[in-house]
Amino acid sequence: MDTAIASTARPRTVHHPLPSGPQAAGEARRSAARTLALHPVRCPRETACDILLIASELATNAVRHALPPYALTISLDRGRAGICVSDGSLSLPQRGDGHGTDATRGRGLQIVRALGADLFVSRSPRGKQVIAVITWRDT
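If you're wondering where the values come from, they're calculated on a predicted model, not measured in any experiment.

1. Considerations on the packing of helix α1 (residues 24-38) against helix α2 (residues 45-65)
Phase 1: Closest axis-to-axis distance for the α1/α2 pair is 8 Å, and the angle between their directions is 150°. As summarised for this structure, α1 and α2 are arranged roughly antiparallel, according to the angle between their axes. Of the two elements, α1 crosses α2, and the hand of that crossing is right-handed. Across the interface between the two elements, A24, A25, A28, R29, A32, A33 and L36 from α1 touch A48, I51, L52, L53, A55, S56, A59, T60 and V63 from α2.
Phase 2: The residue inventory of the contact of α1 with α2, partitioned by class, reads 13 nonpolar, two polar and one charged.

Okay, structure coming up:
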């Protein structure tokens, strides 16, 4: 899926429809990488890697806990990136229940927060958007 719609206004915003199966996370990561390549922002390499991981985690959560259609929207500006995954479910994300250290699931939003992102959820008539905003010092 190579469909992308880019706006000409600042910040640069790109919308990527995602497949409705487990391949959505990989596609979100590839789409985020293409967006960063096409619309380079001056951010540390580590932050760029964090953006890719956040896109993947949000897409994984959508597939596991929500309904299609799924889409990734990335908005890039100086010192800031917004990573949004929309889905077709009105159910809001639930707080993790403190999984033990040997758990293999249930830490997606904790990982996103640990990377320094602020998280927001916005309902829409057709579902919701889970939005992560990550900032860095723009030099």
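2. Overview of the pattern of salt bridges
Note on pairing: side chains with opposite charge can pair once their charged atoms come close.
Phase 1: Across all of its chains, the model carries four salt bridges by this definition.
Phase 2: Salt-bridge contacts for R80 lead to D77; the nearest nitrogen and oxygen are separated by 3.3 Å.
Phase 3: By relative accessible area, R80 is classed as partly exposed at 41%.
Phase 4: Exposure remark for D77: the relative accessible area of 17% places this residue in the buried category.
Phase 5: Here K128 ties to D87 by a salt bridge, and the two come within 3.0 Å at their closest N and O atoms. One end of the pair, K128, is in strand β6 (residues 127-135); the other, D87, is in strand β4 (residues 80-87), with 41 residues separating them in the sequence.

3. Side note on α1
Phase 1: Taking 1.5 Å per residue as the helical rise, α1 with its 15 residues ought to reach 21 Å, and the 21 Å between its terminal C-alpha atoms agrees with that figure.
Phase 2: Among the residues making up α1, those that are buried are A24, A25, E27, A28, S31, A32, T35 and L36.
Phase 3: Those residues of α1 that are buried lie in contact with β2 (12-18), α2 and β3 (70-77).

4. Considering the nonpolar core
Phase 1: The biggest cluster of nonpolar side chains holds 30 residues, and the ones touching the most others in it are I54, L58, L72, I83 and I134.
Phase 2: Looking at this core, the elements that each hand over two or more residues are α1, α2, β3, β4, α3 (108-114) and β6.
Phase 3: For this core, the element with the highest residue contribution is α2, accounting for eight residues.
Phase 4: When near neighbours in sequence (up to four residues on either side) are disregarded, L72 contacts V14, H15, H16, L18, A28, S31, A32, A55, I83, C84 and V85.

Conventions adopted
- Residues numbered from 1 in each chain as written.
- Predicted model: local features only at pLDDT ≥ 70, side-chain atom pairs only at ≥ 80, totals over all residues.
- Heavy atoms only, no water.
- Axes fitted to C-alpha atoms, helices over the stretch in contact; angles between N-to-C directions.
- Helix = DSSP H or I, 4+ residues; strand = E, 2+ residues; numbered from the N terminus.
- Parallel < 35°, antiparallel > 145°, perpendicular 65-115°, else oblique.
- Left-handed = near helix turned anticlockwise from the far one by under 90°.
- Contact = heavy atoms within 4.5 Å.
- Nonpolar A, V, L, I, M, F, W, Y, C, P; charged D, E, K, R; others polar.
- Salt bridge = Lys/Arg side-chain N within 4 Å of Asp/Glu carboxyl O.
- Buried < 20%, exposed > 50% of the residue type's maximum accessible area, 1.4 Å probe, protein only.
- Expected span 1.5 Å × (residues − 1).
- Core = buried A, V, L, I, M, F, W, Y, C linked by side-chain atoms within 4.5 Å.

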